[in-house]
Every structure is written in structure tokens, then in C-alpha cells.
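Residue-level structural notes
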Amino acid sequence: MPIRIPRGWEIPEREATAEHLVFGRRKAFGLGAGLLATSPALGQDAAGLPPAMRNTRYEAGREITAERDATTYNNYYEFGTDKGISRAAQRLPQRPWTVKVEGMVETPREFGIEDLLRSMPIEERVYRLRCVEAWSMVVPWTGFPLSALLSQVKPLGSAKYVVFETAALPRVMPGLRQSWYPWPYTEGCTIEEAGNELSFLVVGAYGKLLPPQNGGPIRFHQPWKYGFKAGKSITTIKLTDQRPVSFWERIQAQEYGFWANVNPEVSHPRWSQASERVIGTSERIPTRLFNGYADFVAPLYTGLQNERLWA
Ligand SMILES: Nc1nc2c(c(=O)[nH]1)N[C@H]1C(S)=C(S)[C@@H](COP(=O)(O)O)O[C@H]1N2
Ligand SMILES: [Mo]
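Described in the following lines is the structure provided in the data block. The structure displayed is predicted, hence computed values, not measured ones.

Rules used throughout
Residues numbered from 1 in each chain as written. Chains lettered and ligands numbered in written order. Predicted model: local features only at pLDDT ≥ 70, side-chain atom pairs only at ≥ 80, totals over all residues. Heavy atoms only, no water. Buried < 20%, exposed > 50% of the residue type's maximum accessible area, 1.4 Å probe, protein only. Helix = DSSP H or I, 4+ residues; strand = E, 2+ residues; numbered from the N terminus. Pairing = 2+ DSSP bridges. Salt bridge = Lys/Arg side-chain N within 4 Å of Asp/Glu carboxyl O. Near = heavy atom within 4 Å. Polar contact = N/O pair within 3.5 Å; in protein donor to acceptor, adjacent residues only side chain to side chain. Areas by Shrake-Rupley, 256 points an atom, 1.4 Å probe, with all protein chains shown as cover. Nonpolar A, V, L, I, M, F, W, Y, C, P; charged D, E, K, R; others polar. Core = buried A, V, L, I, M, F, W, Y, C linked by side-chain atoms within 4.5 Å. Contact = heavy atoms within 4.5 Å. Axes fitted to C-alpha atoms, helices over the stretch in contact; angles between N-to-C directions. Phe/Tyr/Trp six-rings, centres within 6.5 Å; stacked < 30°, edge-to-face > 60°. Lys NZ or Arg CZ within 6 Å of the ring centre and 35° of its normal.

1. Focus on the pairing of strand β10 (residues 234–240)
- In terms of residue burial, β10 counts as a mostly covered element, since five of its seven residues are buried.
- Summarising the sheet, strand β1 (residues 98–103) and β10 pair through four bridges and their orientation is parallel. Each residue of the ladder has a partner; that of valine 101, found in β10, is isoleucine 237.
- Bridge analysis of strand β5 (residues 161–166) against β10 gives six bridges, and the strand direction is antiparallel. Counterpart to glutamate 165 in the pairing with β10 is threonine 236.

Below you can see the structure in the form of C-alpha cells.
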């Protein structure tokens, strides 16, 4: 830490298929009208999201889930316990929005979402998402590596964990009235996991600003872990030497642990994790170890055999 991640547009030409460029802040990027006119992906709703080239290092190997499915089938308990919260979530104000990065760092800082959109190495990654409930999708997220943000604040050598705290706004989140839940929704990972190249802070999806129901304006995603590890609508990122007890672990530690790495051979106490239901089709497909990302992340867990690494 910090690890430098090559930006999508820095990968060799032969690897980059340059699928689509998303032109948001046209003026800010000084793009001429000619270029804009030739861009097929130019869409009005892309305003605010900087140009993001797809990083083809991360192959999903499956068809991208329809945008409509990914943005209307959501888990976001602050808005309700069923999947149909997308309309209710529109009440979550997206601006102004700041993310505090604090705790065991040399220079604690508060970042405005606009600053992050301007200054971070933004790229698109098509990642698989596997929920612990045994369904999955494939989403083209726009964002930047967590390590790029952490290098701005310089974690201290004593920092061992990264904790994500997410928004809790009773005025717009009816779920918070269910006071037996340990709000705010909090998640975390080790500093080594945080530094892995796959650990991604997401600010967009499908070439648009990330909609609130998917965790707008900023959420986390580690595609080798069950989806509940991916905190939505993050307000604070804290570096600490104490392992955090996250939202689901506090509710039911036997079912939802700290590590929560995807493993088809380790059943949830109440159901099998061997296969998953693909959202948008009625297909069932086999689940893969580390959700298919073992090449990237398996080395993180050498020497940790005594930990409960799987959910
Ligand atoms: N703040 C918050 N973040 C959250 C959740 C939540 O209820 N609240 N649900 C998690 C779960 S269980 C999953 S599977 C993913 C779902 O992300 P998606 O709706 O974008 O598919 O978000 C995760 N992040
Ligand atoms: Mo989930």
C-alpha cells in the first residue's frame, strides 16, 4: 500500500477493445464538437460522470445484466427489506455528498464527491456480483480503486482494517424505524484486502452516475465476496487496528461473518451456495470459488486457514 493500478486507458492497445467512452463533463474535458458527434455512447443522462474507458483486464465471462434488472432488483434495507426499493431510494439526496477518510492515516481528509469524480483514476469494470442469497448479476461499474483514495491520506503502518460507514438519514430512509437493526450499515475488510486491485469504489453504473438504489453516489465492491460486504452510499471510511463487527455479523454472526468470501462448497446454514440464480434470466449456474476471482485474490488468504474465510 499504496499500490499503483494502471488506468484502463494505459493497458496495451491489443488488450483494450475500447468499447465505449462515456462523455459527461464535455466542456470540462475540452472535447470538440466533432469528437462528441462521432461518439455513439453519448447520452444526456451521462452528465456528471467523467469519461470512463472499460478496463478489459476484468472479464466477467457472462452477459451483462440488463440495466433495468440491476437497477430495480436491489438489497438496500434502509429503504425496506424487499427488492423493490428503487423508487423509494430516489429520495436519498445525492448532492452535496462528502466522504470522510479518517482514523489511522497521516492526513485525514474529507472529499467532496465532485472532487473524487474529477481527481480519481476513473474507469469502467464489468464485475460479477454474487449475493449470499444465491442470486447474481453482472454489472458495468464505473469507479476507481480504493487504493487510489487511500494513497491520498497515507494509511499508518499500524492500520489493519478499513471500515465503511454508510448513510443513515431517518427522514428519507423508512427502514431506520426498524430500530432492532444496528444502523448505520457498516462493513469492513483488512488493509491487505483493501489494497487488492479488485477493491473498487463505485460511482457509476451502465455509463451513468450510480443511482441511489445501487448505492449512489458512492459504494464499494469486492467481487470475490458476498454482496453484503459492499456498503452502499458511503459517508465515512475509517482506518483502524480493530476488526469491525459489521451490520450482518452483528445481527447473525453464524450466518454472515467478517470474511464472507464466495465458496460454493461451504453452505449457508440454511441453504446451499453451490449454484446461483442469474437475475434477468431464469438460469441457474454453478458458483465459483472466490466468485471466479481466485487468480486475483487467493494469495491474500495464505496463512489464514484457521479463519472462517467463507461467509
Ligand atoms: N447500506 C447498505 N448497503 C448494502 C446493503 C444494504 O442493505 N444497505 N445490502 C447489501 C447486499 S446484501 C447486496 S447483495 C448488495 C446489493 O447491491 P445491488 O442492489 O446494487 O445489487 O448491496 C449491499 N450493500
Ligand atoms: Mo446480498
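2. Some points on the pattern of salt bridges
- Within this structure, the stated rule accounts for 14 salt bridges.
- Note that arginine 57 and glutamate 197 form a salt bridge whose closest N and O atoms lie 2.7 Å from each other. Of this pair, arginine 57 sits in the loop between α1 (33–38) and α2 (67–70) while glutamate 197 sits in the loop between α6 (191–195) and β7 (200–205), and the two are 140 residues apart along the sequence.
- Ionic pairing is found between lysine 208 and glutamate 67, a salt bridge with its closest N-O pair at 2.8 Å. With lysine 208 in strand β8 (residues 208–209) and glutamate 67 in helix α2, this residue pair connects regions lying 141 residues apart in the sequence.
- One connected set of salt bridges, linked through shared partners, spans Arg62, Arg130 and Glu276.

3. Remarks on the site of ligand 1
- As a structural note, the neighbourhood of ligand 1 is formed by 19 residues, with Tyr77, Glu78, Met137, Ala230 and Lys232 the closest of them.
- Asparagine 74 is positioned with one of its side-chain polar atoms (N or O) 2.9 Å from an oxygen atom of ligand 1.
- Contacts to ligand 1 include lysine 232, whose side-chain N or O atom sits 2.6 Å from an oxygen atom.
- Relative to its unbound accessible surface of 530 Å², ligand 1 loses 98% to contact with the protein.
- For the shell around ligand 1, the per-class residue count stands at 10 nonpolar, six polar and three charged.

4. Overview of the nonpolar core
- With 79 residues, the main nonpolar core has Leu201, Ile218 and Ile237 as its most contacted residues.
- When sequence neighbours within four positions are dropped, the list of residues in contact with isoleucine 218 reads Trp97, Val99, Ile113, Leu116, Phe144, Leu201, Val202, Val203, Leu210, Lys232, Ser233 and Ile234.

5. Focus: the sheet that holds strand β6 (residues 186–190)
- Pairing within the open sheet is mixed, and its five strands lie in the order β2-β1-β10-β5-β6. The sheet is open, and its two edges are formed by β2 (109–112) and β6, each paired on a single side. Strand-to-strand twist across the sheet, computed as the mean angle between neighbouring axes with direction ignored, equals 15°.
- Its contacts with the sheet put helix α5 (residues 146–153) on β1, β2, β5 and β10, and the angle it makes with β2 is roughly 135°.

6. Re the packing of aromatic side chains
- This model, assessed by the stated rule, comprises 24 aromatic pairs.
- The interplanar angle of 80° and the centroid separation of 5.8 Å between the aromatic rings of tyrosine 161 and phenylalanine 258 together place this pair among those described as edge-to-face. Taken as a pair, tyrosine 161 in strand β5 and phenylalanine 258 in the loop between α7 (247–251) and β11 (275–278) lie far apart in primary sequence, 97 residues in all.
- Since its relative accessible area comes to 14%, tyrosine 161 is described here as buried.
- With a relative accessible area of 3%, phenylalanine 258 lands in the buried category.
- Relative to tyrosine 181, the ring of tryptophan 180 lies with its centre 6.0 Å away and its plane at 35°, an arrangement referred to as tilted.
- We classify tryptophan 180 as exposed; its relative accessible area is 62%.
- Within the aromatic cluster, the residues linked to one another by ring pairs are Tyr77, Trp180, Tyr181, Trp183, Tyr185, Phe228, Phe247, Trp248 and Tyr256.
- The positively charged end of arginine 128 is found above the aromatic ring belonging to tyrosine 293, 4.2 Å away from the centroid.
- One residue, lysine 229, lies across the ring of phenylalanine 258, its end atom 4.8 Å from the ring centre.

Spatial relationships are all this shows, so hold off on functional conclusions.
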